[in-house]
Amino acid sequence: NDKNIVNHWRNAGYDRLAVKVYDLKCNQNDTGVEINVDFSLAAPTKPVQLRATACWSVNSAGEISVSTAVEVGEKAPYLPRFGFCFGMDKAAAR
């Protein structure tokens, strides 16, 4: 039940997390494109809560795959799940 931990989340700034990108690399080859991003999530005036590397791969058929490696700070409150929201412009619809 989240109601018991919500105050810990707010205190840690989970409701105000912002992304900071440290490195971004794009590589194109014969099979598609790969985008690698090193980033962190932190709230203003709070320590970094999470550091991660994400890799998006798009092949020549337009299929997208995502992999992540995530390190959560030792003092970060329990986080029940972590994910990405991937939006696409309506113009990309078939």
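As a reminder, the structure under discussion sits directly above these lines.
What you see is a predicted model; the values in this text were computed from it and never measured. (Residues numbered from 1 in each chain as written. Predicted model: local features only at pLDDT ≥ 70, side-chain atom pairs only at ≥ 80, totals over all residues. Heavy atoms only, no water.)

## Considerations on the pattern of salt bridges
Moving on, step 1. One pass over the full model with this rule turns up two salt bridges.
Moving on, step 2. R16 serves as the salt-bridge partner of D15, at 3.0 Å between the closest nitrogen and oxygen. (Salt bridge = Lys/Arg side-chain N within 4 Å of Asp/Glu carboxyl O.)

## Focus: the layout of surface pockets
Moving on, step 1. Space inside the largest pocket adds up to approximately 220 Å³.
Moving on, step 2. Along its surface, the largest pocket is lined by 15 residues, and P47, V48, Q49, K75 and A76 are the ones closest to its centre.
Moving on, step 3. Contributing elements (two or more residues each) for the lining of the largest pocket: α1 (6-12), β3 (50-59) and β4 (64-72).
Moving on, step 4. Considering only residue class, the lining of the largest pocket consists of seven nonpolar, three polar and five charged. (1 Å grid on protein atoms, 1.4 Å probe; cavity = no way out; pocket = protein on both sides within 12 Å on 5 of 7 lines; lining within 4 Å. Points joined across faces, edges and corners; volume = space filled by probe spheres on them. Helix = DSSP H or I, 4+ residues; strand = E, 2+ residues; numbered from the N terminus. Nonpolar A, V, L, I, M, F, W, Y, C, P; charged D, E, K, R; others polar.)

Shape is all these values report; function is a separate question.
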